[in-house]
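This is what each chain is made of:
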Amino acid sequence: MRRPVAPAVVVAGCLALTGCGGSADGADSAPDLSVRSAYMPQPVTDSLAAGYLTVVNKSDSSDDLVSVTSDIAEDVSVHETSGQTMKAAGPLKIPAGGRLVLESGGNHLMFEKLKHKPKEGETVSVKLRFTKTDPITVEMPVKSATYRPTSAQSSSTSHH
């Protein structure tokens, strides 16, 4: 059995596809994930921080976010907010043609046992791991503790 010699990057990219020619319109195509709007509010404590981002899936195949790691914290987990309580969430689905939004007041990343307290203006590196897709490393900027993204779906200032 003859094995083709290929650079590791090409091999890794092809493993997720059924064939290197891979068709983007097939239902069996690998998920096409990208990350947007990632940020971490400057933590108010020395041990805990939160992180927010959106994972966009442009394919016909769903995937799941299964774990997160970062060199800034001993433990990073995905939490879901239900009323006033937070709890660790299992794998979170990224629907085909949809998005997984981690935001303040909803599902979010929780950084525990920080190795140092990041300051506004720094960048935190985070690695997202999925069921099907290769890991994605995200550079997450640290924003002010009161930062709120301007692209929120609804504005809390307009009540009818």
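None of the values given here were measured: they were computed from a predicted structure.

Caption draft 1: Region of interest: the nonpolar core. With 28 residues, the main nonpolar core has Leu-65, Leu-109, Phe-111 and Leu-128 as its most contacted residues. Not counting residues within four places of it along the chain, the set of residues in contact with Leu-109 comprises Ala-49, Ala-50, Gly-51, Leu-53, Val-68, Ser-77, Val-78, Leu-102, Val-126 and Met-140.

Caption draft 2: Geometry of the environment of Gly-98. Here Gly-98 shows up in the loop between strand 6 (92–94) and strand 7 (99–102). Take Gly-98: its relative accessible area is 18%, and that puts it in the buried class. Gly-98 sits 41 residues away from Asn-57 along the chain, and the two C-alpha atoms are 5.4 Å apart. In contact with Gly-98, not counting residues within four places along its chain, are Val-55, Val-56 and Asn-57.

Caption draft 3: Main features of unusual backbone geometry. A positive phi angle, near 55 degrees, is found at Ser-37, a position not held by glycine. Summarising the element assignment, Ser-37 is placed in strand 1 (residues 33–41). If you check the backbone angles, Lys-113 has positive phi at about 55 degrees while not being a glycine. Here Lys-113 lies in strand 8 (residues 108–114).

Caption draft 4: Just the pairing of strand 5 (residues 85–88), in detail. Direction of pairing for strand 4 (residues 73–82) relative to strand 5: antiparallel, over a ladder of 4 bridges. Directly across from His-79, in strand 5, lies its bridge partner Ala-88. In this structure, the hairpin formed by strand 4 and strand 5 is closed by a connection of 2 residues, where Gly-83 is found at a positive phi of approximately 65 degrees.

Caption draft 5: The environment of Gly-121, seen in detail. Take Gly-121: it is sitting in the loop between strand 8 and strand 9 (123–130). Separated by 23 residues in the primary sequence, Gly-121 and Ser-144 place their C-alpha atoms 8.4 Å from one another.

Caption draft 6: Spotlight on the pattern of salt bridges. Within this structure, the stated rule accounts for 3 salt bridges. Asp-46 is the partner of Lys-117 in a salt bridge, and the nearest nitrogen-oxygen pair spans 3.9 Å. With Lys-117 in the loop between strand 8 and strand 9 and Asp-46 in the loop between strand 1 and strand 2 (48–57), this pair connects stretches of sequence that are 71 residues apart. Look at Lys-117 and you get partly exposed, because its relative accessible area is 25%. Residues Lys-93 and Asp-64 are paired through a salt bridge, measuring 3.6 Å at the closest nitrogen-oxygen approach. Here Asp-64 lies in strand 3 (residues 63–70) and Lys-93 lies in strand 6, a separation of 29 residues in the sequence. A residue is classified by how much of its surface remains accessible, and Asp-64, at 19% relative accessible area, is buried.

Caption draft 7: Structural view of the packing of aromatic side chains. Counted according to the given criterion, the structure contains 2 aromatic pairs. Relative to Tyr-52, the ring of Tyr-39 has its centre 5.3 Å away and its plane inclined at 45 degrees; by these criteria the two rings are tilted. You can see Tyr-39 sitting in strand 1 and its partner Tyr-52 sitting in strand 2, a full 13 residues away along the chain. When sorted by exposure, Tyr-39 lands in the same class as Tyr-52, which is buried. Connected via pairs of aromatic rings, a cluster forms that spans Tyr-39, Tyr-52 and Tyr-147.

Thresholds applied
- Residues numbered from 1 in each chain as written.
- Predicted model: local features only at pLDDT ≥ 70, side-chain atom pairs only at ≥ 80, totals over all residues.
- Heavy atoms only, no water.
- Core = buried A, V, L, I, M, F, W, Y, C linked by side-chain atoms within 4.5 Å.
- Buried < 20%, exposed > 50% of the residue type's maximum accessible area, 1.4 Å probe, protein only.
- Contact = heavy atoms within 4.5 Å.
- Helix = DSSP H or I, 4+ residues; strand = E, 2+ residues; numbered from the N terminus.
- Pairing = 2+ DSSP bridges.
- Salt bridge = Lys/Arg side-chain N within 4 Å of Asp/Glu carboxyl O.
- Phe/Tyr/Trp six-rings, centres within 6.5 Å; stacked < 30°, edge-to-face > 60°.

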